[in-house]
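# Inside the fold
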Amino acid sequence: MKGRFITFEGVEGSGKSTNIAWAADYLRSAGIEVLQTHEPGRTKIGEELRTVLLRTRDERLMPMTELFLMFASRMQLLEEVIIPALIRGTWVLCDRYVDSSIAYQGGGRALGVERVKTLIRAMGDRYAEPDLTVLLDIPPIVIPDRLADRPLDRFESEETSFFERIRQTYLELAAEEPRIEVIDATLPLKSIQEQIAVLLDVLVNESSNE
Ligand code: TYD
């Protein structure tokens, strides 16, 4: 793979979209070709899966069904979009990836981290390992204030304890995985972006030395 694969993680309201858009501009101004994408969804099949995953009337969607649909959407995006882009040499910035499944389904839905890791292993050679994962960490208590003023989806409607389990799982994962960098997302935007820039510069310098 010639391109670099960078993922952004965090609970709702952690500022992923703002910071990904900023990171994409930052890399583009360094002359890098960037593709910005988002899970679940973004492919035709993935968007249909996303509708099933997010609509509130499906309160009966079973946690294991939710887990498999997340992976189904992911495989479609990987094969159709992410892997071809990385092969071309384009850098891919993805809003959520496998760590969301570990944190939300493994931790939040209490399916267990190991079960989700088994699925990641089952992806075999179709799994693309991120070169860098930026985890934007906020305490879940601040989530309601940060959500846009619109009807809540099936995840956003969950209680704070659900997001506490997610945050905990993310932080435990970050402690094990050197590719995951935790940033305190309660800091001012400028400070968050300075920290992201330092992380991106490492990858940019590495790739220009290849
Ligand atoms: P979205 O509206 O895209 O939210 P966000 O902007 O926070 O990414 O909704 C995606 C939801 O799906 C979000 O609540 C997190 C959840 N999710 C999982 O539970 N597991 C996963 O593997 C992924 C990719 C997302």
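Each value, and the rule that gives it
Residues numbered from 1 in each chain as written. Predicted model: local features only at pLDDT ≥ 70, side-chain atom pairs only at ≥ 80, totals over all residues. Heavy atoms only, no water. Near = heavy atom within 4 Å. Polar contact = N/O pair within 3.5 Å; in protein donor to acceptor, adjacent residues only side chain to side chain. Helix = DSSP H or I, 4+ residues; strand = E, 2+ residues; numbered from the N terminus. Nonpolar A, V, L, I, M, F, W, Y, C, P; charged D, E, K, R; others polar. Core = buried A, V, L, I, M, F, W, Y, C linked by side-chain atoms within 4.5 Å. Buried < 20%, exposed > 50% of the residue type's maximum accessible area, 1.4 Å probe, protein only. Pairing = 2+ DSSP bridges. Axes fitted to C-alpha atoms, helices over the stretch in contact; angles between N-to-C directions.

The next subject is the site of the ligand. Looking at the ligand, there are 17 residues lining it, with Glu 12, His 38, Arg 96, Ser 101 and Gln 105 nearest. At 3.1 Å, a side-chain N or O of Lys 16 approaches an oxygen atom of the ligand. Here His 38 contributes a side-chain N or O atom positioned 2.8 Å from an oxygen atom of the ligand. If you tally residues by element for the shell around the ligand, the top one is helix H4 (residues 98–108), at four residues. Residue classes in the shell around the ligand are distributed as five nonpolar, four polar and eight charged.

As a further point, take the nonpolar core. Of all hydrophobic cores here, the largest spans 62 residues; its most connected members are Ile 6, Leu 27, Leu 93 and Tyr 104. Considering each element in turn, this core owes the most residues, 10 residues, to helix H3 (residues 63–88).

This part covers the sheet that holds strand S4 (residues 132–137). Sheet architecture is open: five strands sit in the order S2-S3-S1-S4-S5, paired in parallel fashion. The open sheet has two free edges, formed respectively by strand S2 (34–38) and strand S5 (180–184), since each of these has just one partner strand. Neighbour-to-neighbour, the strand axes of the sheet open up by a mean angle of 20°, direction not taken into account. Here strand S1 (residues 5–9) runs beside strand S3 (residues 91–95); their pairing, made up of four bridges, is parallel.

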